[in-house]
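The lines below spell out each chain.
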Number of protein chains: 2
Amino acid sequence: MNIPSAFWLVPIASVAALCMAFYFFRSMMSADEGTPRMREIASYVRSGAMSYLKQQYKVVAIVFVVLAILFSFMAYVLKWQNPWVPFAFLTGGLFSGLAGFFGMKTATFASARTANAARKSLDGGLRIAFRSGAVMGLTVVGLGLLDIAGWFFALSFVYHGDHMALITITTTMLTFGMGASTQALFARVGGGIYTKAADVGADIVGKVEADIPEDDPRNPATIADNVGDNVGDVAGMGADLYESYCGSILSTAALGATAFAMSGEMQMKAVIAPMLIAAVGVFLSVFGIYLVRTKEGATMKDLLRSLAVGTNVSALLIAVATFAILYLLGIENWLGLSFSVITGLAAGVIIGQATEYYTSHSYRPTQKISEAGLTGSATVIIKGIGTGMISTCIPVVTIGVAIMLSYLCANGFDMAMSAEALSHGLYGIGIAAVGMLSTLGITLATDAYGPIADNAGGNAEMSELGEEVRHRTDALDALGNTTAATGKGFAIGSAALTALALLASYIEEVKIAMERADITLTNLKGEVITAAQATIPDFMNYFQVNLMNPRVLVGAFIGAMAAFLFCGLTMEAVGRAAQKMVEEVRRQFREIKGILEGKATPDYGSCVEISTRAAQHEMIFPSLLAIAIPIVVGIVLGVAGVLGLLVGGLAGGFTLAVFMANAGGAWDNAKKMVEEGNFGGKGSFAHKATIVGDTVGDPFKDTSGPSLNILIKLMSMVSIVMAGLTIAFS
Amino acid sequence: MNIPSAFWLVPIASVAALCMAFYFFRSMMSADEGTPRMREIASYVRSGAMSYLKQQYKVVAIVFVVLAILFSFMAYVLKWQNPWVPFAFLTGGLFSGLAGFFGMKTATFASARTANAARKSLDGGLRIAFRSGAVMGLTVVGLGLLDIAGWFFALSFVYHGDHMALITITTTMLTFGMGASTQALFARVGGGIYTKAADVGADIVGKVEADIPEDDPRNPATIADNVGDNVGDVAGMGADLYESYCGSILSTAALGATAFAMSGEMQMKAVIAPMLIAAVGVFLSVFGIYLVRTKEGATMKDLLRSLAVGTNVSALLIAVATFAILYLLGIENWLGLSFSVITGLAAGVIIGQATEYYTSHSYRPTQKISEAGLTGSATVIIKGIGTGMISTCIPVVTIGVAIMLSYLCANGFDMAMSAEALSHGLYGIGIAAVGMLSTLGITLATDAYGPIADNAGGNAEMSELGEEVRHRTDALDALGNTTAATGKGFAIGSAALTALALLASYIEEVKIAMERADITLTNLKGEVITAAQATIPDFMNYFQVNLMNPRVLVGAFIGAMAAFLFCGLTMEAVGRAAQKMVEEVRRQFREIKGILEGKATPDYGSCVEISTRAAQHEMIFPSLLAIAIPIVVGIVLGVAGVLGLLVGGLAGGFTLAVFMANAGGAWDNAKKMVEEGNFGGKGSFAHKATIVGDTVGDPFKDTSGPSLNILIKLMSMVSIVMAGLTIAFS
């Protein structure tokens, strides 16, 4: 197949990203790791994190082997899928895992170095932490583009000929999205349970009962807590965003292959357009990373502005570059599509801003939660839940507007919903998601920076580096909380758009499965046609995917419920593990004499052990459930039920995810606000009340909420891969 | 129009229900109200409740006048609706308000009498409380059937002739459902905020800070708390269930009119069938009420069994009677439809049982929440939220199965989804909702009994009636908590089925609006037809109400978000009001010397004032929002967007409502379990922790959760009434 030369930008960008990541890694490694005590603590955390990750990968490997065998059976024996599916699935999982692994390795090397640099200056600390975050950001985009370019190149040798070739190639590549999703789900759920069990346990006994500060070395759970930041917030997030990034590009490519199936060479252009935007985004991200600098003696505001300059300039440049890319590529309606991309970028920025408004204590909502601390923990919880629920409004409306606008820009404001307008519009929605994620290299850098700074603070506290250093790391940490909130907004927003694009890909996959099974259908004109000839309206009518079909309605109910059930299971898992952790910490305080006086060393290992076991044990059921639900719904309720499930899961899951992330973030910062001396300050009644809020918020924002992003996409991915099964049963 | 003579059973049942209600009321009133102190307290609560209700009705009256003027404009000037709509709307609101008012009046008279009867025996207390609850149950069904029979009778004089007459009559009657919904929403939201502001405030200062028992007369918020039980749990619930009851009957009648439009006299039979089932249900409810008796010295288990005998026998008898009713009526497929009714009944029972499992401390989930109290309030909150989320699974799956089964039973297991199969199936779903609510006379009696017993306990405590009496009222109260949980399951389940039926009614209303505006459409065969000739598949295709239409998807997103936003606003309202209450109670303890020693009387009035103002002030915005959202979505996104909105709101709102109700119930009982002496008992660390859970759960289960039931239905009702507007704009 004739691949346009512009495509080569994709592997080049991939290699460039990986080289830059390696360069940043080396430059971080060359910094001094500090005092022997600092090195010691860092090595505890590092070895804890690595040993956990190894165990997690063992469990995940079993799941992957089982699923790969199943897919091989479906591909080679039942012929429901093409022979590449099992391999694509495996590489997706492998690369997603690698992205998390490299990110985490960097983070565990960077924390002590950040703390050590902060001994000299705030600027030095920021530089090391942020550059280390950039390693993660660039590794994710580099590996993502590598996997995409490699498979696209390889499959284009295998399949060629008519317009069906590109459809087959792009839908096959989607299955590596399923591999990435599966890996990401385990990483987010396992890592999320690990980190929050430790964090909640450490906070309850340490901060509330024993009245010792966070990360105090006397707290037996403190090492586990720091390990958790790495396995949950770094490795989990890396796998998650790897998946979003690839998912958005792949589903858009698949939509392009269908939308432009009849437009000759335009089809190829539509397929590679999202890849090119992502590739150019890599270079602009690197440019943005270099813009992040601070002067000596920078204030918190300067720091924030410095990061904002980097991300905003990248975003602005990619917006401009998109016009050029699409124009030079010569794609039909390049102007409209460029506006679709901008819609996605703008939606990401707005959601990020709204997230900041609802979770930063510079604004009223979080301030009110702090104030509620004066009347106790119950009002803190009530206000936090209220705020989180209200905060769903702006992101949902923004996503709604982005969906409509990107749809309409892409099809020339054709509201008539002809089959063509529909497929072009859906491609527009997909490319908006790509736009939102195009500068992931830098947005993820600001995001991964957070846990590194957090750990640097932990290291400083445990190494007893003194007030001033701790102040600096606190400033870096606070900055990280804000960027983490913004980053979560991005992750959720892009997940919603990607899932929407995947919905359309599901329909294509069903059509392919029908072709394979030689099932014909009757179109809207009453003619008997092959599945490939069916337009989306034909398809919708044939499968009666309308809102009065009880199967669609039941599917939608189950979809919304699945999001709640999944959150409930992960919340319970954290609760159970945290209770064990509390009991262990209490036991150590009781039985090991002298811990609280600093005369005896606590047994950090037993707490690491509790978190590890809990995470291993508790991640299995919810993850398998996420895979099982779409399969069961497909068998029982058919294609109409699956589409209902995905839409219900998307609408319910997106809203629930925003609620949980924002409520959690707001509680965290409400506590910080009290700690800064408001409403009585540290140790006051209001402080104890807001600590309860923060503790409840931990699994909200770091376990259940972010896992929902993946749940939404994974359910679509599973449906896509299992389309053959659904067709066989209906 | 020829009304079959069987119809007269409806007004007869209505009058019978109202007479029985009056009889039970008289017999309750003849009981002794107790000591002067008891009378005094009861009169405080009564006058507080009445004065609040008067104020609330004033605000609601303004809203009704404005909406009635708007509807009159739409009906008489724009001709978008028929001339009866404004009047139907007003009677619905009036009757719904009356149902709440009578129920509350009875409850405020009954509490002291229940406490007084409990001075002699448990049995006496149960009898008075339950019979008073029955007044409420029978008033609701009596007024509901009166309104239905009256309008049906009146409209059948106005409209006659072809099959369109019955469609017009039944869709016009639906507008009185909107009146009832609007009234119910204000009652639930206003009452819910009132009661929980007082309850949360009283608990935080009284139980947690001052360490005095619940309902202690030294607590300044205690009268407001007891008033709240009446205005929220009694008046609010009465209005809510009046609306569900009428809504299910009316929407089913409307579905019957459409489904059997071409079947001659079968159409009339289909319209009156749900009314007849409800009418027979009234008699069987009265029979069930008489079965509730207890012997002297009955245990808690006996009490529960006694109530269960009443409700279960009624349910069983209506199941049997349905076969007879539908057979004698001579309706097509009477056997299948009877099974649809049974599906609804069974779903109600299963949801009730599941609710009990997740919220009663006889079972593991709630026991685990109690146990989490040992590690503090944060783990109690985490476990409670987890349990609540997990508890959504069984109700959603049950409703899903009920939808599929009632649909299939009603159309002879025709999965092909022809236009006819679809409309008959939807009628089946509607009649399942009627089945679920047919024995509302008795289920509501067991439900309204709860707050009466609760208030009796409050009266006993404040009148210092002594240990033994307080023990008896505690037993009655605990029983009330269980029945309240079951009742909530019923209310939510029926709301979901009713809302589904309303979805179909919306389509009919749009068709009528199109007829009125002379808009034709193209059917699936490509022919131009009038709207009245369009089948559901034609309609769905014409408006592109499929899951790939971005307007449907955006609508679904907004629907799910609306449920969260609405909950968030009501949670915040309770939080704000509770904070004010806490400050006021603290102020009184500080400034009025001798309150805590029992030497000075607190200023109950100021707390009543705070709750009243908060409720008045805070109920407006969320309620208007619920009315505004479907109107705005209709204008911007058209018919497809509205259907997306309703489905998203239904799936998301139902799940969220179950979550909130169950989490709240579980926290309440987890606290009760500790108070019974487990995990340290009263005053222990675990007790304080579970009190925080209970306090957070208060607005979950009594403000936000139950209001969602109405939100779901009100959004459908508003869409139905505003169909003309949507059509004018699209």
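Right, let's walk through the structure included here.

Reading the values: the criteria
- Residues numbered from 1 in each chain as written.
- Chains lettered and ligands numbered in written order.
- Predicted model: local features only at pLDDT ≥ 70, side-chain atom pairs only at ≥ 80, totals over all residues.
- Heavy atoms only, no water.
- Helix = DSSP H or I, 4+ residues; strand = E, 2+ residues; numbered from the N terminus.
- Expected span 1.5 Å × (residues − 1).
- Buried < 20%, exposed > 50% of the residue type's maximum accessible area, 1.4 Å probe, protein only.
- Polar contact = N/O pair within 3.5 Å; in protein donor to acceptor, adjacent residues only side chain to side chain.
- Least-squares fit on C-alpha atoms with pLDDT ≥ 70 in both.
- Salt bridge = Lys/Arg side-chain N within 4 Å of Asp/Glu carboxyl O.
- Axes fitted to C-alpha atoms, helices over the stretch in contact; angles between N-to-C directions.
- Parallel < 35°, antiparallel > 145°, perpendicular 65-115°, else oblique.
- Contact = heavy atoms within 4.5 Å.
- Nonpolar A, V, L, I, M, F, W, Y, C, P; charged D, E, K, R; others polar.
- Left-handed = near helix turned anticlockwise from the far one by under 90°.
- Patch = residues over 30% accessible without salt bridge, like charges linked within 9 Å, V, L, I, M, F, W, Y side chains within 5 Å.
- Areas by Shrake-Rupley, 256 points an atom, 1.4 Å probe, with all protein chains shown as cover.

### Observations regarding helix α17 (residues 550–591) of chain A
Residues and elements named next belong to chain A.
Argument step 1. With 42 residues, α17 should reach 62 Å at 1.5 Å per residue; the first-to-last C-alpha distance of 60 Å fits that figure.
Argument step 2. Across the 42 residues that make up α17, a large majority, 35, are buried.
Argument step 3. With a side-chain oxygen positioned 2.9 Å from the backbone nitrogen of arginine 551, the residue opening α17 is asparagine 549.

### A few points about the relation of the copies chain B and chain A
Argument step 1. Of the transformation placing chain B onto chain A, the axial shift is 0.0 Å and the rotation is 180 degrees, giving an RMSD of 0.1 Å. Put plainly, the chains are arranged around a two-fold axis. Of the C-alpha atoms belonging to chain B, the one lying closest to the rotation axis is found on asparagine 546 of chain B, 2.3 Å away.

### Here we look at the pattern of salt bridges
Argument step 1. Under the defined criterion, the tally for this structure stands at 65 salt bridges over all chains.
Argument step 2. In this structure, arginine 39 of chain A and aspartate 32 of chain A form a salt bridge, with 3.1 Å as the shortest nitrogen-oxygen distance.
Argument step 3. Taking relative accessible area as the criterion, arginine 39 of chain A reaches 39% and is therefore assigned partly exposed.
Argument step 4. By relative accessible area, which is 43% here, aspartate 32 of chain A ends up partly exposed.
Argument step 5. A salt bridge links lysine 368 of chain B to glutamate 371 of chain B; the shortest N-O distance between them is 3.5 Å. Linking lysine 368 of chain B with glutamate 371 of chain B, this pair stays in helix α10 (residues 364–372), spanning three residues, or about one helical turn.
Argument step 6. Its relative accessible area of 30% is what places lysine 368 of chain B among the partly exposed residues.
Argument step 7. Looking at glutamate 371 of chain B, the relative accessible area reads 27%, which means it is partly exposed.
Argument step 8. Bridged by salt links that share partners, the residues Lys196, Asp199, Lys488, Asp668, Lys672, Asp698, Lys701 and Asp702 of chain A form one connected network.

### Here we look at the packing of helix α9 (residues 334–359) of chain B against helix α19 (residues 620–675) of chain B
All names here are of chain B.
Argument step 1. The interhelical angle for the contact between α9 and α19, taken along N-to-C directions, is 45 degrees, at an axis separation of 8 Å. With respect to each other, α9 and α19 are oriented oblique. Taken together, the residues of α19 that come into contact with α9 (itself represented by Thr355, Tyr358 and Thr359) are Asn662, Gly665, Ala666 and Asn669.
Argument step 2. Residue composition of the contact of α9 with α19, grouped by class: two nonpolar, five polar and no charged.

### Examining the packing of helix α11 (residues 377–390) of chain A against helix α20 (residues 685–721) of chain A
Relative orientation and spacing of two packed helices are given, respectively, by the angle between their axes and the distance between those axes.
All names here are of chain A.
Argument step 1. With their axes 8 Å apart at the nearest point, α11 and α20 run at an angle of 45 degrees to one another. Accordingly, the angle class assigned to the pair α11 and α20 is oblique. Relative to α20, the crossing made by α11 is right-handed. Facing α11, whose interface residues are Ser377, Val380 and Ile381, α20 presents Ala689, Thr690, Val692, Gly693 and Val696.
Argument step 2. Looking at side-chain class alone, the contact of α11 with α20 contains five nonpolar, three polar and no charged residues.

### Here's the deal with unusual backbone geometry
Argument step 1. A positive phi angle, close to 50 degrees, is found at glutamate 464 of chain A, a residue other than glycine.
Argument step 2. Mapping glutamate 464 of chain A onto the fold places it in the loop between α14 (440–462) and α15 (467–516).
Argument step 3. What makes glutamate 464 of chain A exposed here is its relative accessible area of 61%.
Argument step 4. With a phi close to 60 degrees, aspartate 215 of chain B is a non-glycine residue in the positive phi region.
Argument step 5. Looking at the secondary structure, you find aspartate 215 of chain B in the loop between α5 (163–210) and α6 (222–259).
Argument step 6. When its relative accessible area of 7% is taken as the criterion, aspartate 215 of chain B is described as buried.

### Considerations on a nonpolar patch on the surface
Residues and elements named next belong to chain A.
Argument step 1. A surface patch of nonpolar side chains, amounting to about 640 Å² of accessible area, comprises Trp8, Leu9, Ile12, Phe153, Phe157, Val158 and Phe283.
Argument step 2. Elements with a contribution of two residues or more to the nonpolar patch: α1 (9–29) and α4 (122–158).
Argument step 3. Considering every element that reaches the nonpolar patch, the biggest residue donor is α4, with three residues.
Argument step 4. Along the chain, valine 158 falls in helix α4.

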